[in-house]
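Commentary on secondary and tertiary structure
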Amino acid sequence: MATTASVPRTVLTALIGLVSVALLSSGCSAEAPAQAGPAELGTADLAVLPDLNTFGKIENAPLDPAPTAKATDKVFKVVKDLPVYDKPGGKPFGKLPTVQVGSPTWVPAIAEQGDWAQVLLPSRPNGLTGWIHTPGNTESARNPYTVTVNLASYTLEIFKDGASQGTHKVGIGKAEFPTPKGRHYLMASIEETKNTYSKYVLPLSAHSDSHETFGGGPGTVALHTWPTNEHIGKSTSDGCIRVTPETLTKLMDLPLGTVISIT
């Protein structure tokens, strides 16, 4: 389970470099007719909206309508505090900050309507989504990578443009602390300084459905290693996905915002 360890700037700089290399070109897709843009929110109105981060919980917001479906290949970087709406042109219910757990905020789109994009969000409950108005508020890029995790087979598979880049055995949550299913995404990268079980931890947008908090943090599910590989192919964690050091190295090459589908 991810904790709230500090994040050295060297790691963030390296990760941002990886994102920049991996996400070179903007994605293009057929779009619906443009929707009207939202009314401009004043500074005071934006300030009272709750931050959409791994520490937050939002009630009565839209959930992922198709958690087993394929997402788009577009990701958005938040360049300033960004209001998130319940539908295109609808009511704002929160805002995305520019930084998530020390890393720049990238979110994946699961649908688009003109200048609006429906994105996955990092707050509770799992599967939380919302709509963002992208012009002037974001930078977009195409992300060719996706990851699938099959809990029954204890496997993680990395894809690039739909082609498998390799399958890896993993460890998952215990029966009483299951790894949450659904569409999630790679939210941040942490160089761990509080715990010794993994040199680096990759927090996801997912949270444990069994732990409201864990290790002083909000119960964020993460990808990380363990001191030994005895956990591989077993259900022994508190919900996180345990991987080998070799697998973690490959995962660290993926851009922030990469969709992680857990079934």
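Anything mentioned here points back to the structure above.
Residues numbered from 1 in each chain as written. Predicted model: local features only at pLDDT ≥ 70, side-chain atom pairs only at ≥ 80, totals over all residues. Heavy atoms only, no water.

Details of the pattern of salt bridges
- Taken as a whole and judged by the stated rule, the model has five salt bridges.
- A salt bridge links aspartate 51 to lysine 95; the shortest N-O distance between them is 3.2 Å. Of the two residues, aspartate 51 sits in the loop between helix 2 (43-48) and strand 1 (74-78) while lysine 95 sits in strand 3 (residues 92-96), which places them 44 residues apart along the sequence.
- Aspartate 51 gets classed as partly exposed once you look at its relative accessible area, which sits at 34%.
- Overall, lysine 95 belongs to the buried group, its relative accessible area being 7%.
- A salt bridge links lysine 74 to glutamate 112; the nearest nitrogen and oxygen atoms lie 3.3 Å apart. In this pair, lysine 74 is assigned in strand 1 and glutamate 112 in strand 6 (residues 106-113), connecting sequence segments 38 residues apart. Glutamate 112 shares its class with lysine 74; the two are buried.
- Several salt bridges converge on common partners, so that one network encompasses Asp73, Arg142 and Asp161. (Salt bridge = Lys/Arg side-chain N within 4 Å of Asp/Glu carboxyl O. Helix = DSSP H or I, 4+ residues; strand = E, 2+ residues; numbered from the N terminus. Buried < 20%, exposed > 50% of the residue type's maximum accessible area, 1.4 Å probe, protein only.)

Quick notes on unusual backbone geometry
- A cis amide bond, omega 0 degrees, links arginine 124 with the succeeding residue proline 125.
- Residue position: proline 125 is located in the loop between strand 7 (116-120) and strand 8 (129-133).
- Positive phi, normally seen in glycine, also occurs at tyrosine 154, with a value near 55 degrees.
- Structurally, the position occupied by tyrosine 154 is in the loop between strand 10 (145-150) and strand 11 (155-160).

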